[in-house]
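# Geometric and topological summary
Take a look at the letters that make up each chain.
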Amino acid sequence: MLTVDFDRLGIRPGTRVIDVGCGQGRHSFEAYRRGADIVAFDQNAADLADVKVMFGAMAETGEAPGHARAETVQGDALALPFDAGEFDVVIASEILEHIPDDERAIAELVRVLKPGGALVVTVPRWLPERICWALSDAYHANEGGHVRIYRADELRAKITARRLRFVHSAHAHALHSPYWWLKCLVGVDDSEHVAVRGYHRMLVWDMMSAPRITRLAESALNPVIGKSVALYFTKPAVRGAAI
């Protein structure tokens, strides 16, 4: 399940990409499939170990082009261990809402992005997230949980203040919002509740089969209750260029 629209990122063979806060690797795998040289970056060693295994499996089965390179790197998003301007594309999907010092994290994302490169940031959207917070403290008030709810214009302003140019926004995963509302209502740890299990089965079916009816429904609902908002930016190719 991708939150990022890769067709907007201009990824081609040899494009150097970093997926900051890669988690279980869904966006890293897509970049690798498209022939990018991908760095899957996260602080969680266990997740990175699983991502590395999947990279190896993709290479062995030919799911990724032979020229593409993939590696995992463990570290802190507040101090990325890379040179300035090292990446053509920077992805930061669903991580900034976890980081108290988001300004510092944004500065690092911008620093490692090459002039002329693309940055995409996704976070939970304000309305669906606000409903989750209202229904359940356990949803967000835990170690490593969400520390803020963003409004899209607030996050956009924080990033353009770093002299990036905003180019596009989109919403995604509207069908997932009711699932999280259900979990918040019955208890976020109660995955066996009949309503939660039933809705989860529908989501799995949707992801595996992508039937036309649910694709049309989600497309219509995304502007209203899309669970995530994705913001796309470019870094001016000339230092000091006007935005």
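That block above? That's the structure.
Model, not experiment: these values are computed from the prediction. (Residues numbered from 1 in each chain as written. Predicted model: local features only at pLDDT ≥ 70, side-chain atom pairs only at ≥ 80, totals over all residues. Heavy atoms only, no water.)

Our focus in this paragraph is the packing of aromatic side chains. Applying the stated criterion across every chain, the model contains eight aromatic pairs. Ring geometry for Phe82 against Phe87: centres 5.1 Å apart, planes inclined by 80 degrees, an arrangement best described as edge-to-face. No difference in accessibility class separates Phe82 from Phe87, as the two residues are buried. Connected via pairs of aromatic rings, a cluster forms that spans Tyr139, Tyr179, Trp180 and Tyr199. (Phe/Tyr/Trp six-rings, centres within 6.5 Å; stacked < 30°, edge-to-face > 60°. Buried < 20%, exposed > 50% of the residue type's maximum accessible area, 1.4 Å probe, protein only.)

Right, let's get into the environment of Gly62. Along the chain, the position of Gly62 falls in the loop between helix H2 (45-61) and strand S3 (70-74). Remark: the alpha-carbon pair of Gly62 and Ala118, spanning 56 residues in sequence, is separated by 27 Å. (Helix = DSSP H or I, 4+ residues; strand = E, 2+ residues; numbered from the N terminus.)

This part covers H2. Since one α-helical turn is 3.6 residues long, residues separated by three or four positions face the same way. In a regular helix each residue adds 1.5 Å, so 17 residues correspond to 24 Å; H2 covers 25 Å between its end C-alpha atoms and thus fits that length. Looking only at H2, the buried set comprises Leu48, Val51, Phe55 and Met58. Down the axis of H2, the smallest arc covering the buried residues is 75 degrees, so these residues share one side. Of the exposed residues in H2, those oriented more than 90 degrees away from the buried face are Asp50, Val53, Glu60 and Thr61. Elements that come into contact with the buried residues of H2 comprise helix H1 (26-33), strand S2 (37-42) and S3. One side-chain oxygen of the residue at the start of H2 lies 3.0 Å from the amide nitrogen of Ala46, identifying that residue as Asn44. (Expected span 1.5 Å × (residues − 1). Arc of directions from axis to C-beta. Contact = heavy atoms within 4.5 Å. Polar contact = N/O pair within 3.5 Å; in protein donor to acceptor, adjacent residues only side chain to side chain.)

Turning to the pairing of strand S4 (residues 87-93), a few remarks are in order. Among the seven residues of S4, six are classified as buried, and the element is accordingly described as predominantly covered. Where S4 lies against strand S5 (residues 113-124), six bridges are found, and the strand directions are parallel. Looking across to S5, one finds that Val90 is bridged to Leu119. Taking the sense of rotation as the criterion, the β-α-β connection linking S4, helix H3 (residues 102-111) and S5 turns out right-handed. (Pairing = 2+ DSSP bridges. Right-handed = clockwise from strand over helix to strand, strands pointing away.)

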